[in-house]
4 protein chains.
Amino acid sequence: MLLSERARLAEAIGEIQTQLGLSHYDPLREIQMLEILTAANRGPFSNATIKSLFKTIFQASMQLEQEADKVHYLTSRQVHRADTVVMVGDIPIGGKHAPVLVAGPCSIESREQTEATAMFIASRGVKLFRGGAYKPRTDPYSFQGLGEDGLKIGRTACDKFGLQFITEIMDPRDLPLFVEYADVLQIGARNMQNFTMLRAVGRTTKPVLLKRGLAATIEEWVMAAEYLLSEGNQSVILCERGIRTFERYTRNTLDVSAVALAKLETHLPVMVDVTHSGGRPDLLVPLTKAGLASGADGIMIEVHPNPAIALSDNKQQIDFEAFDHFLAETGYHKKLSEKRHEVYGF
Amino acid sequence: MLLSERARLAEAIGEIQTQLGLSHYDPLREIQMLEILTAANRGPFSNATIKSLFKTIFQASMQLEQEADKVHYLTSRQVHRADTVVMVGDIPIGGKHAPVLVAGPCSIESREQTEATAMFIASRGVKLFRGGAYKPRTDPYSFQGLGEDGLKIGRTACDKFGLQFITEIMDPRDLPLFVEYADVLQIGARNMQNFTMLRAVGRTTKPVLLKRGLAATIEEWVMAAEYLLSEGNQSVILCERGIRTFERYTRNTLDVSAVALAKLETHLPVMVDVTHSGGRPDLLVPLTKAGLASGADGIMIEVHPNPAIALSDNKQQIDFEAFDHFLAETGYHKKLSEKRHEVYGF
Amino acid sequence: MLLSERARLAEAIGEIQTQLGLSHYDPLREIQMLEILTAANRGPFSNATIKSLFKTIFQASMQLEQEADKVHYLTSRQVHRADTVVMVGDIPIGGKHAPVLVAGPCSIESREQTEATAMFIASRGVKLFRGGAYKPRTDPYSFQGLGEDGLKIGRTACDKFGLQFITEIMDPRDLPLFVEYADVLQIGARNMQNFTMLRAVGRTTKPVLLKRGLAATIEEWVMAAEYLLSEGNQSVILCERGIRTFERYTRNTLDVSAVALAKLETHLPVMVDVTHSGGRPDLLVPLTKAGLASGADGIMIEVHPNPAIALSDNKQQIDFEAFDHFLAETGYHKKLSEKRHEVYGF
Amino acid sequence: MLLSERARLAEAIGEIQTQLGLSHYDPLREIQMLEILTAANRGPFSNATIKSLFKTIFQASMQLEQEADKVHYLTSRQVHRADTVVMVGDIPIGGKHAPVLVAGPCSIESREQTEATAMFIASRGVKLFRGGAYKPRTDPYSFQGLGEDGLKIGRTACDKFGLQFITEIMDPRDLPLFVEYADVLQIGARNMQNFTMLRAVGRTTKPVLLKRGLAATIEEWVMAAEYLLSEGNQSVILCERGIRTFERYTRNTLDVSAVALAKLETHLPVMVDVTHSGGRPDLLVPLTKAGLASGADGIMIEVHPNPAIALSDNKQQIDFEAFDHFLAETGYHKKLSEKRHEVYGF
């Protein structure tokens, strides 16, 4: 059977090409074969039809080759069926573990602000602290973070209150500092396709939290994670943070399908940043419930001792009182005081 | 105090203008006042600054006038604080009532297909049947629905199995037919801003299910509902059905913030069409959970005896077996067999 | 040759199905054939692969059927290679004719405002007047147009100053009025997929100006035109008016690719509404130049005696002085005074 | 006059804050002042109204402060009224100079392919060569460019044929190599908000070509340029390359408003990448005409000796014959053979 032959050939060629690092598609080969085929055409239908059909068969063969490759994507559930559980210190994220909560200020602004927040969230049972020392800002003259000082402040506060420190890296040249001070390296939405930084971070063993780009497709997001895994780093957490839409009532639009699909297509843990997803304190509770209902392994939220005077995001961070309200309304309240390793009952 | 005077005046003028049906903004009046003010300016800052400040005060005054109007939007929770409960037959939708489930085929294709589906969903405790007799199709040569025959088939099947009949109206000239055959008039995404049809439907007393447009903002969606309420129809159910985004893994993107905000800003019940939101059978369960978690009062889903041969939407409808799986996975299974008026435990 | 046989068969079946008005795709037939084929599979590759390949061949056959159909789309250049020239009175639009200019207020507000504008644009050589009597407004309490009185005012003004009258229809029930008073029926962006109105308007012989929906793809826009042509109306003008994007500096984003592709794929004249595309008077000149450079057959622009007090769109309409400036900057100045039938020199 | 006093104060405070690098907005100060004001309220309207009005006045004052700052944005035409002309070798880009043409392959794949292209375009009068040695690819296993070898090949080819070499930098750590080999540093769409790389590139004196992000607003794009200028680099060229939209007929959508607004709001030269904007060879001519008509200072286009076997972008690059056709159809043909410093006649 001709088709069987062709497909067997295509698979073999595809394999060689993969080894050589070439693109599978060889249009010259295709053009030659099409010419042979149309020369042999004895009707009843036109050469255009023959070409169209064989073009489709070539594409089917190529798709087979790509499917075969897909099996090799390290992010794919077809390669790695079991849920990956990322350990941050002794905190497991993903799989059957209870959803975690990451909390902390948008920016580390001072020792006082940082320690007050760390102490507060630790008292509520939160184990994971977030806070930016390097801040990506649209305007070059906005507050850009405290830099290395911020990393030190964050580290000290986390050590003092038994927290794990999650903070954003913006430049591969800063890696040594981050390896020293941070527990989880966050890659922000604007750097999701900063491919050389992804490779550099992929060569460390630090857990990584990879945010989805503002207008990235799910495939682009997963391929960004593939960059990390392809360099050897297995501890990758995906984080949905809302996508850009036309909506003016919200800052971004939480995409729960992306959470569900990331869980279906990959084996990685997925979190939801509910602060950036909506940009509105009054949406934190419903977005948290919706994120967990769609399968998220954790929630990230911004909390600040006094949001009104925060140096960044001051309209969307919540204060301590609102945080307690958030815990109660979402049921996190109860869960954080329980023993770990219990499945969260959403 | 000058400011007090001006605001008092503005309110009075605004009221008169509202009664006259005029736009509040009178730029001529504003230009005259600005000229008087700059003439009176004795420093220390420039006329441009004075103009800018007073422009802002004018705008503040206008905003006050608009806020005052907003109080009069019939959809607004500021006007009507309690949740509206829409009765469809004896089924309450909204408020503290358990979330409902609407099920049925995309299109009514034949008596057999319709009755088989109606009988099946009724046997599972579903009380609300959906099915289109008039189908909005991008291509004029696609199947456009059975028209009046479809309405009759749907009516007969619903009567036979004790179901309420929800079906889409596309033209105000068809109203008499719909008033005769349907229990709920659905307004589709493409007709969300078909304003004359909104007014016509608003003058009936039939419950209305208003889908959100494919790229409509939340405000535009709520204003479309306002058209219905402004004509006297109080029985309006909003229905989120996914928005257009760049994503290629899904047909549309479910916007759970829209559900949450529609609940916050209006008093109307809100449903989620999970079939169109994702366009993928494998997302029906997580999107249902997420929709209910964000506050939805019900879910709408497409089910067909044999989706593979459906005349429309044949990739996204599910069959009876998959529907039973859906009921079990989402917990609807249990809820539909319980007594009504119990709160659903999400 | 098996493939040839199959394709010949598919074509014949497709033709019969088209005549019967059925969808081409018959999944049952496909399932049966797949079973036969896998039963006959003697290696060397798996049934899954065989299925995948034959699935692709089925799709190829279906695509052939659809391509054959496409030849029958009345909007397609493959059916009608020559440019369609739509005559509005004695004004030709499309083909090699000089690009036209349509001007007038957003809304017809009064006899004075309408006649002042008509007199002014006529004095500048403009032959096509636009003005809305029925206005689609997001808010039900905004100014909705003068209705039938507006149509009468527009008709009278156009007759007085030798202009053709273009005005928007929002409801098929108003058709008799529009047939009496208007020269061109405009279908607005919000009604681009109001399919029953498209059919009704398609059954008249009045020229139609069909605006692209706010978030419509080019294919959806062309299919909307197909509705009009399929009912017999050959005089359809497409009008790009900007699409919704994330941009906040503009109201919409002019899509010049859509203009170029509409010219490539269809034979219909294409216009650009530069007022709505940008929503900014300072963009009217560059957007006009870009629209014409990408192949537009005409430009539509809003002009008002006193935009500051207009009842709608008062930030984007321009006054008479700005209109003269627009004519000079875009070169329309010269063209409008020349003899018709000369090609515009962009 | 109270308002005058307040604004004078705000300006002074704003200036001090700018010097201190703080955000202007001090919500604590605002809260205190609001309390004082409402305490002093003697009717006739509510404290809520008073608060709303004064809130607006505070915002007006803040806006004044921000406007004052805006005067200090180095990209702004309010700071630098004259068009900036960027010199690339002896080729001027911007101002009244004829629009330039940048051509070359997507990727540098081999010495032969690169020199064949360079020789060809040089023979047509093109002075600016593009070609990527480091390629940002969604998939980590796609061809990623030849790296340093590619830079050397590009440099040699450009020297041999008298061309300027434009190539994309993806990592600040590669700067020394790029300073050695390249004439213009291109910053790609995916790195538009790679802020640390922007700063690093801004500290060189090499001309920079800054592409707009796939879903960036015009403001974000201009602010990215501000990062470059703020570090001292004055030679920045903006490059529109199409934005992501829902459209499936094109790869991206060319945004001519962005070209026009970038010219209005900044003093920098603006180019259009017509290959990526449409992703379709049949749109290159209309998009080039539209880009130039909207004010672009140059066009960038991909050309390859044999696009069918290109290692990247093989559907959108054109071959030499198509390039000659492009030159003839757009009128570039004539312009490139003329003396420089003549204004291009679009």
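Residues numbered from 1 in each chain as written. Chains lettered and ligands numbered in written order. Predicted model: local features only at pLDDT ≥ 70, side-chain atom pairs only at ≥ 80, totals over all residues. Heavy atoms only, no water.

(A) Geometry of the overall build of chain A. Regarding its fold elements, chain A presents 13 helices and ten strands. Burial analysis of chain A (346 residues in total) assigns 62% to the buried set. Considering only intrachain contacts with a sequence separation of at least 6, the fraction spanning at least 24 residues in chain A is 67%. Carbon and sulfur atoms make up 53% of the accessible area of chain A, which amounts to about 13100 Å² in all. (Helix = DSSP H or I, 4+ residues; strand = E, 2+ residues; numbered from the N terminus. Buried < 20%, exposed > 50% of the residue type's maximum accessible area, 1.4 Å probe, protein only. Contact = heavy atoms within 4.5 Å. Areas by Shrake-Rupley, 256 points an atom, 1.4 Å probe, with all protein chains shown as cover.)

(B) Structural view of helix H7 (residues 195-202) of chain B. Residues and elements named next belong to chain B. The buried fraction of H7 is high, at seven of eight residues. For H7, the complete set of buried residues consists of Phe195, Thr196, Met197, Leu198, Ala200, Val201 and Gly202. Close packing links the buried residues of H7 with helix H6 (175-181), strand E6 (184-187), strand E7 (208-211) and helix H8 (218-230).

(C) Geometry of the interface of chain A and chain D. Counting from both sides, the interface comprises 38 residues of chain A and, opposite them, 37 residues of chain D. Between chain A and chain D the total buried area reaches about 3500 Å² when both faces are included, carbon and sulfur atoms providing 55% of it. Linking chain A with chain D are two salt bridges, by the criterion used here. Residue arginine 244 of chain D is joined to glutamate 220 of chain A by a salt bridge in which the shortest nitrogen-to-oxygen separation is 2.4 Å. Examining the composition of the side of chain A that touches chain D, we find that five residues originate from one element, helix H8 (residues 218-230) of chain A, more than from any other. (Buried area = accessible area lost by both parts, 1.4 Å probe. Salt bridge = Lys/Arg side-chain N within 4 Å of Asp/Glu carboxyl O.)

(D) Fine view of the sheet that holds strand E5 (residues 164-168) of chain A. Residue and element names in this part refer to chain A. The parallel closed barrel is built from eight strands, whose spatial order is E3-E4-E5-E6-E7-E8-E9-E10. Between one strand axis and the next, the sheet turns through 25° on average, direction left out of account. Seen against the sheet, helix H4 (residues 111-123) touches strand E3 (100-104) and strand E4 (128-130) and runs at an angle of roughly 150° to E4. With respect to the sheet, helix H7 (residues 195-202) is in contact with strand E6 (184-187) and strand E7 (208-211), its orientation differing from that of E6 by roughly 170°. (Pairing = 2+ DSSP bridges. Axes fitted to C-alpha atoms, helices over the stretch in contact; angles between N-to-C directions.)

(E) Seen up close, the sheet that holds strand E10 (residues 298-302) of chain B. All names here are of chain B. Reading around the circumference, E3-E4-E5-E6-E7-E8-E9-E10 is the order of the eight strands in this closed barrel, with parallel pairing throughout. If you compare each strand with its neighbour and ignore which way they point, the axes differ by 25° on average. Pairing analysis gives four bridges linking E7 to strand E8 (residues 236-240), with the strands arranged parallel. Paired with lysine 211 across the bridge in E8 is cysteine 239. Set on the sheet, helix H4 (residues 111-123) makes contact with strand E3 (100-104) and strand E4 (128-130); between it and E4 the angle comes to about 150°. Together, E4 and strand E5 (164-168) form the strand contacts of helix H5 (residues 148-161), whose direction differs from that of E5 by roughly 160°.

(F) Seen up close, the nonpolar core. Among the nonpolar cores identified, the biggest contains 292 residues, and Phe323 of chain A, Phe323 of chain B, Phe323 of chain C together with Phe323 of chain D are the most heavily contacted of them. Once you skip the residues sitting within four places of it in the chain, phenylalanine 323 of chain C turns out to touch Leu101, Ala103, Phe120, Ile121, Arg124, Val126, Ile301, Val303 and Ile318 of chain C. (Core = buried A, V, L, I, M, F, W, Y, C linked by side-chain atoms within 4.5 Å.)

(G) Molecular detail of the relation of the copies chain A and chain D. Note on the copies: chain A fits chain D at an RMSD of 0.0 Å, the axial shift is 0.0 Å, and the rotation between them is 180°. Taken together, these values place the two copies in the relation of a two-fold axis. Taking C-alpha positions as reference, the residue of chain A nearest the rotation axis is alanine 215 of chain A, located at 3.1 Å. (Least-squares fit on C-alpha atoms with pLDDT ≥ 70 in both.)

(H) Molecular detail of the packing of helix H11 (residues 284-293) of chain C against helix H12 (residues 320-330) of chain C. Residue and element names in this part refer to chain C. Contact geometry for H11 and H12: axes closest at 10 Å, N-to-C directions at 40°. Between H11 and H12, the angle falls in the class oblique. Here H11 runs over H12; the crossing is right-handed. The residues of H12 that touch H11, namely those facing Leu284, Val285, Thr288 and Lys289, are Phe326, Glu329 and Thr330. Looking at the contact of H11 with H12, its residues break down into three nonpolar, two polar and two charged. (Parallel < 35°, antiparallel > 145°, perpendicular 65-115°, else oblique. Left-handed = near helix turned anticlockwise from the far one by under 90°. Nonpolar A, V, L, I, M, F, W, Y, C, P; charged D, E, K, R; others polar.)

(I) Representation of the pattern of salt bridges within the structure. Residues and elements named next belong to chain A. A complete count under the given rule lists 76 salt bridges over all chains for this structure. Of the charged contacts in the structure, one is a salt bridge between lysine 160 and glutamate 115, with a shortest N-O distance of 2.7 Å. In this pair, lysine 160 sits in helix H5 (residues 148-161) while glutamate 115 sits in helix H4, placing the two residues 45 residues apart along the sequence. Since its relative accessible area comes to 54%, lysine 160 is described here as exposed. When the shortest N-O distance is used, the salt bridge between glutamate 231 and arginine 199 registers 2.9 Å. Linking glutamate 231 in the loop between H8 and strand E8 (236-240) with arginine 199 in helix H7, this pair joins segments that are 32 residues apart in sequence.

(J) Main features of the pairing of strand E9 (residues 270-273) of chain A. All names here are of chain A. Neither face of E9 is exposed, since Val270 and Val272 on one face and Met271 and Asp273 on the opposite face are all buried. Both E8 and E9 contribute to a ladder of three bridges, which runs parallel. From the neighbouring strand, glutamate 240 faces E9, where its bridge partner is valine 272. Note that the unit made of E8, helix H9 (residues 256-265) and E9 has a crossover that is right-handed. Note that E9 and strand E10 (residues 298-302) share three bridges and pair parallel. Counterpart to methionine 271 in the pairing with E10 is glycine 298. (Right-handed = clockwise from strand over helix to strand, strands pointing away.)

(K) The environment of leucine 128 of chain D, seen in detail. All names here are of chain D. With respect to the helices and strands, the residue leucine 128 is situated in strand E4 (residues 128-130). You can call leucine 128 buried: its relative accessible area is 1%. Between the alpha carbons of leucine 128 and asparagine 194 there is a distance of 25 Å; along the sequence they are 66 residues apart. In this structure, leucine 128 is in contact with Val88, Ile91, Ile93, Val100, Leu101, Val102, Ala103, Ile121, Leu163, Gln164 and Ile166, ignoring residues within four places of it in sequence.

(L) Representation of the packing of aromatic side chains within the structure. Counted under the stated rule, the structure contains 36 aromatic pairs over all chains. Between the aromatic rings of phenylalanine 129 of chain C and phenylalanine 165 of chain C, the centroid separation amounts to 6.2 Å while the plane-to-plane angle is 50°, which identifies the pairing as tilted. With a gap of 36 residues between them, phenylalanine 129 of chain C in strand E4 (residues 128-130) and phenylalanine 165 of chain C in strand E5 (residues 164-168) connect regions that are remote in the sequence. The same class applies to phenylalanine 129 of chain C as to phenylalanine 165 of chain C, namely buried. Three or more aromatic residues link up through ring pairs in this structure, and these residues are Phe120, Phe320, Phe323, Phe326 and Tyr332 of chain A. (Phe/Tyr/Trp six-rings, centres within 6.5 Å; stacked < 30°, edge-to-face > 60°.)

(M) Structural context of H9 of chain A. For H9 of chain A, a buried count of eight out of ten residues is recorded, marking the element as mostly surrounded by other parts of the structure. Val256, Ser257, Ala258, Val259, Ala260, Leu261, Ala262 and Lys263 of chain A are the residues of H9 of chain A that are buried. Buried-residue contacts for H9 of chain A involve H8, E8, E9 and helix H11 (284-293) of chain A together with helix H9 (256-265) and helix H11 (284-293) of chain B. A distance of 3.1 Å separates the backbone nitrogen of serine 257 of chain A from a side-chain oxygen at the start of H9 of chain A, and that oxygen is part of aspartate 255 of chain A. (Polar contact = N/O pair within 3.5 Å; in protein donor to acceptor, adjacent residues only side chain to side chain.)

(N) Up close: the environment of glutamate 231 of chain B. Judged by its relative accessible area of 24%, glutamate 231 of chain B is partly exposed. Only 3.2 Å separates the side chain of glutamate 231 of chain B from the side chain of arginine 203 of chain B, close enough to count as a polar contact.

(O) Structural view of the side chain of glutamate 115 of chain B. Overall, the relative accessible area of 13% leaves glutamate 115 of chain B in the buried class. Among all residues touching glutamate 115 of chain B, those that are not within four sequence positions of it are Thr156, Ala157, Lys160 and Phe161 of chain B.

(P) The confidence of the model for chain A, seen in detail. Residue and element names in this part refer to chain A. On average, residues of chain A score 86 in pLDDT, and 77% of them reach the 70 mark or higher. Confidence drops under a pLDDT of 50 for residues 339-346, and excluding neighbours within four residues, the segment shows 23 contacts in the predicted structure. Under the prediction, the complex receives an ipTM of 0.83, its pTM being 0.86. (pLDDT = per-residue confidence, 0-100.)

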